[in-house]
Amino acid sequence: MDRFLKQVAAVGFSAIDVFDFRWYQIVGDYGSVRNYQEFVQQRGLERIVNIFHAADYDPRTYAPHIRETHKNILEDFKATIDRWAEIELDNVVVMPATLYYDMEPVTEDKIKVAAELWNRVGALTADAGVKLACHHEFFCGIRSRSELETFYANTDPALVHLFIDTAQHCISGVDPVELYEAYADRVSGFHFKDTRNQDLVGDYRRRPDAEVMADTTERWFYEMGDEGGLVDFESLMRAIVRHGYEGYIGVEHDKADKLGGDYAESTAISRWYAKNVLERIVSEERES
């Protein structure tokens, strides 16, 4: 961890996000979340910004579209808020639906039931001073533009926010630039990464994990600026500046070790792109 944090700081990143399930390891190794954040800060980073609550979705006990599981999910989030209460977070990030194959057929009524839950969870996190941010993987039960529109039309903008993952939306056939323009006032965070492929054959239904089981695509995710990338980061960055977004932008490396890739290399390449391309765009937009 010491060497990892130093590498992240050395190439110019300013903070980190963590998975919520790392709490157990953090407390075991450092004694508390606060102690771990101090360890992070001593290595030159500002703080932990977001936690990603990667729930074990199960239609029997933990499924947002099934109202009978909502009590269990709410209790889970009460515990999550308590676990991280020692530090200040920007977002608790969630996938707001089960895996697509556990939710289909995806209907308007099911999406509305899920929206009911996240309004309640969003109220819990807001009371703790943390935003609830929804992150839609390409295999999530709420993934298409029409499904997203139904979901956000039935959630409270003050309680349920959008966390844009550029590659995941692109794989689902949703333009992340257009999505941001439509929901800019609800966006509270980003994962910047690229992809070379859209899912045109229903890989999002692959069991048990679409990101590793799809036989059409061995590697879904690449660094910003990838030669074959589909995400228009330059246009997205211009839109972000125009809309006055002031939060952090996260760079995510998702299975970057596929096809001979390397996480440390991906971190450096992404930081180069942020510094030499995205920061230039920010300057141009602010001067125009």
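Just above, that's the structure.
Just so you know, these numbers come straight off a predicted model, no measurement behind them. (Residues numbered from 1 in each chain as written. Predicted model: local features only at pLDDT ≥ 70, side-chain atom pairs only at ≥ 80, totals over all residues. Heavy atoms only, no water.)

**Student:** Pulling in residues and values, what's your account of the overall build of the protein chain?
**Tutor:** When helices and strands are tallied, the protein chain shows 12 helices and 7 strands. Here the C-alpha atoms of the protein chain give a radius of gyration of 19 Å, agreeing with the 19 Å that 2.2 N^0.38 yields for 288 residues. Taking the principal axes of the C-alpha coordinates as reference, the protein chain spans close to 50 × 45 × 40 Å. The burial tally for the protein chain puts 52% of its 288 residues in the buried class. (Helix = DSSP H or I, 4+ residues; strand = E, 2+ residues; numbered from the N terminus. Rg over C-alpha atoms; globule rule 2.2 N^0.38 Å. Buried < 20%, exposed > 50% of the residue type's maximum accessible area, 1.4 Å probe, protein only.)

**Student:** Which residues make up the nonpolar core, and what are the values?
**Tutor:** Of all hydrophobic cores here, the largest spans 80 residues; its most connected members are Ile16, Trp118, Ile142, Phe151, Tyr180 and Phe192. In contact with Phe151, not counting residues within four places along its chain, are Pro96, Ile111, Ala114, Ala115, Trp118, Cys134, His136, Ile142 and Val160. (Core = buried A, V, L, I, M, F, W, Y, C linked by side-chain atoms within 4.5 Å. Contact = heavy atoms within 4.5 Å.)

**Student:** How would you explain helix α9 (residues 176-183) if you had to name every residue and give the values?
**Tutor:** Three or four residues apart is the spacing at which side chains of an α-helix point the same way, because the helix has 3.6 residues per turn. Every buried residue belonging to α9 is among Pro176, Val177, Leu179, Tyr180 and Tyr183, and all of these are buried. The buried residues of α9 occupy one face: seen down the axis, they fall within an arc of 160 degrees. Where α9 is buried, its residues touch α7 (145-153), β5 (160-165), α8 (166-171), β6 (187-192) and α11 (233-242). (Arc of directions from axis to C-beta.)

**Student:** So what's going on with the packing of helix α2 (residues 23-30) against helix α3 (residues 33-42)? Which residues, and what values?
**Tutor:** Two elements in contact, α2 and α3, have axes whose closest approach is 8 Å; the angle formed by their N-to-C orientations is 80 degrees. Classified by the angle their axes make, α2 and α3 are roughly perpendicular. For the pair α2 and α3, contact is made by Trp23, Ile26 and Tyr30 and by Val33, Asn35, Tyr36 and Phe39, respectively. Looking at side-chain class alone, the contact of α2 with α3 contains 6 nonpolar, 1 polar and no charged residues. (Axes fitted to C-alpha atoms, helices over the stretch in contact; angles between N-to-C directions. Parallel < 35°, antiparallel > 145°, perpendicular 65-115°, else oblique. Nonpolar A, V, L, I, M, F, W, Y, C, P; charged D, E, K, R; others polar.)

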